[in-house]
Amino acid sequence: MLITARGLGVVLGGEPVLRGVDLTVARGEIVAVAGENGAGKSTLLRCLAGLRSPDSGELSVLGGPPRDEPAFWRDVVLAGDEPAWYPGLTAREHLELMGTVHGASRLDAEAALEAFGLHGRADAPPPALSTGQRQRLLLAAAFLRPSRLLLLDEPERGLDAGFRRRLAAILAEYAAGGGAVVMATHDAALAEAAGGRRVELAAGRVRSAA
Ligand SMILES: Nc1ncnc2c1ncn2[C@@H]1O[C@H](COP(=O)(O)OP(=O)(O)OP(=O)(O)O)[C@@H](O)[C@H]1O
């Protein structure tokens, strides 16, 4: 298993946010974590990314406790809130930079621009892109890097219906190559189109898993 969580509990501001969450994720699996606003989806992703230690329970990600360290991040990508962009660099240059830093990229910058429908705006700096185009760029950067585990927080944010279908295919292809995806999402159709297993969080517990 790439991820094994047993009885995960998190308390924030004195309130239990996760209460005994169990989750296992294997190679090649896509798990869509659903649930209403405040259900704890982002908190669960932060735990899986090693950015927040659980207050109770056991958690193993890629064979050990997740750690916010370079060795861990070589295999794991977290794409959530919009990052700070480098001033003066274009969309293409951001992807080229990512490819250079990470060496053996899964895609080169041109292929990523094509796959994420950004060719027409490749020479624009990110602040000059639309909201959905910036989200495409964030996802392109996430997929360009080599990784074994993708943690995505509401990847559908700002994306049009056509590109959400394309994203489902990109996710399915990533999983078919042996990677695992855990995504918090409010888009049930995206999860289903990607072939994802749905896990619903309610009041900090897993309510249903299909
Ligand atoms: N730093 C914090 N201190 C106290 N409470 C927090 C903190 N961060 C988050 N919370 C609370 O924890 C709960 C879970 O938040 P979380 O962001 O995990 O929810 P979510 O399921 O991702 O929601 P959404 O669908 O709105 O993104 C919410 O009630 C939130 O207000």
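Residues numbered from 1 in each chain as written. Predicted model: local features only at pLDDT ≥ 70, side-chain atom pairs only at ≥ 80, totals over all residues.

1. Digging into the sheet that holds strand S4 (residues 56–61)
Where we set the bar: Note on pairing: two strands pair once DSSP finds at least 2 bridges between them. Only runs of H or I of at least four residues qualify as helices and only runs of E of at least two qualify as strands under DSSP, and these elements are numbered from the N terminus. To obtain each axis, a line is fitted to C-alpha atoms, and for helices this fit is confined to the stretch in contact; angles are then taken between N-to-C directions over 0 to 180 degrees. Residue pairs are scored as contacts if the distance between their C-beta atoms, which are placed from the backbone, is within 7 Å.
Strand order in the open sheet formed by three strands is S2-S1-S4, and the pairing between neighbours is antiparallel. With partners counted over all chains shown, the strands left at the sheet margins are strand S2 (15–25) and S4, one partner each. The mean angle between the axes of side-by-side strands here comes to 25 degrees, regardless of whether they run parallel or antiparallel. Where strand S1 (residues 3–12) meets S4, five bridges bridge the pair, whose relative direction is antiparallel. Looking across to S4, one finds that Thr4 is bridged to Ser60. Where helix H1 (residues 41–48) meets the sheet, it contacts S1, S2 and S4, and its direction lies at approximately 120 degrees from that of S1.

2. Focus: the nonpolar core
Short version of the rule: We define the nonpolar core as any set of buried residues of the types Ala, Val, Leu, Ile, Met, Phe, Trp, Tyr and Cys, connected via C-beta atoms lying within 7 Å of each other. Counting other C-beta atoms within 10 Å of its own, a residue is labelled buried from 20 upward, exposed at 12 or fewer, and partly exposed in the gap between, with every C-beta atom placed from the backbone. In this document the domain limits rely on a domain assignment from an automatic tool or a database.
Residues Val33, Leu48, Ala112, Ala140, Leu151, Val181 and Val182 are the most contacted members of the largest nonpolar core, which totals 63 residues. It is helix H5 (residues 131–144) that provides the largest number of residues to this core, a total of eight residues. Mapped onto the domain boundaries, this core takes at least three residues apiece from domain 1 (1–75 + 148–210) and domain 2 (82–146). Val33 has contacts with Lys41, Leu44, Val182, Met183, Ala184, Val199 and Leu201, leaving out every residue within four places of it along the chain.

3. Focus: the domain arrangement of the chain
Interface extent is often summarised as the accessible area lost during association of the parts. Spelled out, the test is: Gly is placed with the polar residues, together with every amino acid not listed as nonpolar (Ala, Val, Leu, Ile, Met, Phe, Trp, Tyr, Cys and Pro) or charged (Asp, Glu, Lys and Arg).
Along its sequence, the chain is carved into domain 1 (1–75 + 148–210) and domain 2 (82–146). Between the C-alpha centres of domain 1 and domain 2 there is a distance of 23 Å. Opposite the ten residues of domain 1 that make contact, domain 2 presents nine residues. At four residues, helix H6 (residues 161–176) tops the list of elements feeding residues into the side of domain 1 that touches domain 2. Considered class by class, the residues forming the side of domain 1 that touches domain 2 number seven nonpolar, one polar and two charged.

4. Side note on the site of the ligand
Applied cut-off: Whether a residue is near a molecule or strand depends on its C-beta atom, generated from backbone atoms, being within 6 Å of that molecule or strand.
Taken together, Leu12, Gly13, Val17, Gly35, Asn37, Gly38, Ala39, Gly40, Lys41, Ser42, Thr43 and Ala184 make up the full set of residues adjacent to the ligand. With three residues, the single largest contributor to the shell around the ligand is H1. Of the residues contributing to the shell around the ligand, the split by class is four nonpolar, seven polar and one charged.

5. Some remarks on the pairing of strand S7 (residues 180–184)
Short version of the rule: For a crossover, the right-handed case is the one in which the path from the first strand over the helix to the second runs clockwise, viewed with the strands pointing away from the viewer.
Within S7, five of the five residues are buried, which leaves the element mostly enclosed by the surrounding structure. Both faces of S7 are covered, namely the face carrying Ala180, Val182 and Ala184 and the face carrying Val181 and Met183. Note: strand S6 (residues 149–153) against S7, five bridges, orientation parallel. Bridging across to S7, Leu152 finds its partner in Met183. Read as a crossover between parallel neighbours, the route from S6 over H6 to S7 is right-handed.

6. Concerning the environment of Gly117
Locating Gly117 in the fold gives a position in the loop between helix H4 (109–115) and H5. For Gly117, a count of 16 C-beta atoms within 10 Å puts it in the partly exposed group. Expressed as a C-alpha distance, the spacing of Gly117 and Arg166, which sit 49 residues apart in the sequence, is 9.8 Å. With residues up to four places along the chain from it excluded, the contact list for Gly117 reads Arg136 and Phe163.

7. A few points about the pairing of S1
Where S1 lies against S2, eight bridges are found, and the strand directions are antiparallel. Of the residues in S2, the one forming a bridge with Ala5 is Leu23. Between S1 and S2, which follow one another and run antiparallel, lie two residues, and Gly13 among them has a positive phi close to 55 degrees.

8. Quick notes on H6
Put simply, the rule reads: Each residue after the first adds 1.5 Å to the expected span of a helix. This arc is taken over the directions from the axis of the helix to the C-beta atoms.
Taking 1.5 Å of rise per residue, the 16 residues of H6 would be expected to cover 22 Å, and the 23 Å separating its terminal C-alpha atoms lies within 8% of that figure. Residues Leu167, Ala168, Leu171 and Tyr174 constitute the buried set of H6. Considered in projection along H6, the buried side chains sweep an arc of 125 degrees and stay on one side of the axis. More than 90 degrees from the buried face of H6, the exposed residues found are Gly162 and Ala176.

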